[in-house]
Every structure is written in C-alpha cells, then in structure tokens.
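Here are the chains, one letter per residue:
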Amino acid sequence: CLGATLTLLTVLGFAFGYDINMPHWLVISALLGLGATAGPVQPINAELAVEVSYPEDENSVEAVQQLCGNLFSAMLVPICEMAAMKDLDVFPGIGPDEDIRGDSLTLMLQ
C-alpha cells in the first residue's frame, strides 16, 4: 500500500512540476487510487496502538492517536505552503520545466 501511495504521489507531483496536461479522468483515477492506498493505513495503525498499550482503554488510545494526527496535519499545512514556493530541479534535461514542487516532495517524505 505504501509503495503504491508513493508511486501515485510521485506521478502527480512530476505531472504538476513538469506542467504536463493530464486528462481529467487520469487525475481523478490517480487521486482515487491515492485515497484507496493511503486510507487503510489508519485503522491498521489504530489496532496496533491499542495492542501495544494493552492495559489502557481502547477509546482513549484511539482518541489520542486521532488528536495527534490532526495536530500533525495542522502543522503540515504551513510547511507545505512554504515548500510550495520552491521548485526543485529533478532529472535536468528531460523536459522543458524539469522540476517538482516542494510541497509534493514534502508529502512524499512525510
């Protein structure tokens, strides 16, 4: 799942960085695939957290995990906004605009 997520995010990042005009159906398919591959990770992570902290209440563990995930997402927004202003050269010489935006790279490295 994580490999497919990274691949789809890379494809979308390069398409935006190289200013490739992708068909709408391809963009929608890639976004749906990204949601399908990245989405199932959270329930698996929640079950693991509950098993690791056994004597604790399941609801409190999942609430803390959800709170921390929301806090991390909120902190990631300004970081991605600053990174979106950066264009990083990747594979120079391949196309007219050989770059990937910093926000795509930030999400891939998260």
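Computed from a predicted structure; not experimentally measured. (Residues numbered from 1 in each chain as written. Predicted model: local features only at pLDDT ≥ 70, side-chain atom pairs only at ≥ 80, totals over all residues. Heavy atoms only, no water.)

## Focus on the overall build of the protein chain
Thinking step 1. Secondary structure summary: the protein chain contains five helices and two strands in total.
Thinking step 2. Start at the N end of the protein chain and walk to the C end: the helices and strands fall as α-α-α-α-β-β-α.
Thinking step 3. When the 110 residues of the protein chain are sorted by exposure, 24% land in the buried category.
Thinking step 4. Entry remark: accessible area of the protein chain is about 7800 Å², with carbon and sulfur atoms responsible for 69%. (Helix = DSSP H or I, 4+ residues; strand = E, 2+ residues; numbered from the N terminus. Buried < 20%, exposed > 50% of the residue type's maximum accessible area, 1.4 Å probe, protein only. Areas by Shrake-Rupley, 256 points an atom, 1.4 Å probe, with all protein chains shown as cover.)

## Quick look at the layout of surface pockets
Thinking step 1. The computed volume of the second largest pocket comes to approximately 180 Å³.
Thinking step 2. Along the walls of the second largest pocket sit eleven residues, with Leu 12, Gly 13, Ala 15, Phe 16 and Ser 104 positioned nearest its centre.
Thinking step 3. The element best represented in the lining of the second largest pocket is helix α1 (residues 2-17), accounting for five residues.
Thinking step 4. Classifying every residue of the lining of the second largest pocket by side-chain character gives seven nonpolar, three polar and one charged. (1 Å grid on protein atoms, 1.4 Å probe; cavity = no way out; pocket = protein on both sides within 12 Å on 5 of 7 lines; lining within 4 Å. Points joined across faces, edges and corners; volume = space filled by probe spheres on them. Nonpolar A, V, L, I, M, F, W, Y, C, P; charged D, E, K, R; others polar.)

## A short note on a negative patch on the surface
Thinking step 1. Residues Glu 47, Glu 51, Glu 56, Asp 57 and Glu 58 make up a contiguous surface patch of negative charge.
Thinking step 2. Turning to its location among the elements, Glu 51 is positioned in helix α3 (residues 41-52).
Thinking step 3. Residue Glu 51 is classed as exposed on the basis of its relative accessible area of 58%. (Patch = residues over 30% accessible without salt bridge, like charges linked within 9 Å, V, L, I, M, F, W, Y side chains within 5 Å. Salt bridge = Lys/Arg side-chain N within 4 Å of Asp/Glu carboxyl O. Lys, Arg positive; Asp, Glu negative; His and termini not counted. Charge placed at Lys NZ, Arg CZ, Asp CG, Glu CD.)

## Observations regarding the side chain of Thr 5
Thinking step 1. Along the chain, the position of Thr 5 falls in helix α1.
Thinking step 2. Taking relative accessible area as the criterion, Thr 5 reaches 15% and is therefore assigned buried.
Thinking step 3. At 2.9 Å, the side chain of Thr 5 and the side chain of Thr 37 are in polar contact.
Thinking step 4. Apart from residues no more than four positions distant in its own chain, Thr 5 is found in contact with Leu 34, Thr 37 and Ala 38. (Polar contact = N/O pair within 3.5 Å; in protein donor to acceptor, adjacent residues only side chain to side chain. Contact = heavy atoms within 4.5 Å.)

## Some words on the environment of Leu 8
Thinking step 1. Position of Leu 8 relative to the elements: it lies in helix α1.
Thinking step 2. A residue is classified by how much of its surface remains accessible, and Leu 8, at 21% relative accessible area, is partly exposed.
Thinking step 3. Sequence separation between Leu 8 and Leu 31 is 23 residues; the distance between their C-alpha atoms is 7.9 Å.
Thinking step 4. Leave out the neighbours within four places in its chain, and Leu 8 touches Ala 30, Gly 33, Leu 34 and Thr 37.

## A short note on helix α2 (residues 24-38)
Thinking step 1. Given a rise of 1.5 Å per residue, 15 residues ought to cover 21 Å, and the 21 Å separating the end C-alpha atoms of α2 matches this to within 8%.
Thinking step 2. For α2, every residue scored as buried is listed here: Ala 30, Gly 33, Leu 34 and Thr 37. Viewed end-on, α2 has its buried residues packed into an arc of 105°, placing them on one side of the element. The outward face of α2, more than 90 degrees from its buried face, is lined by the exposed residues His 24, Trp 25 and Leu 32. (Expected span 1.5 Å × (residues − 1). Arc of directions from axis to C-beta.)

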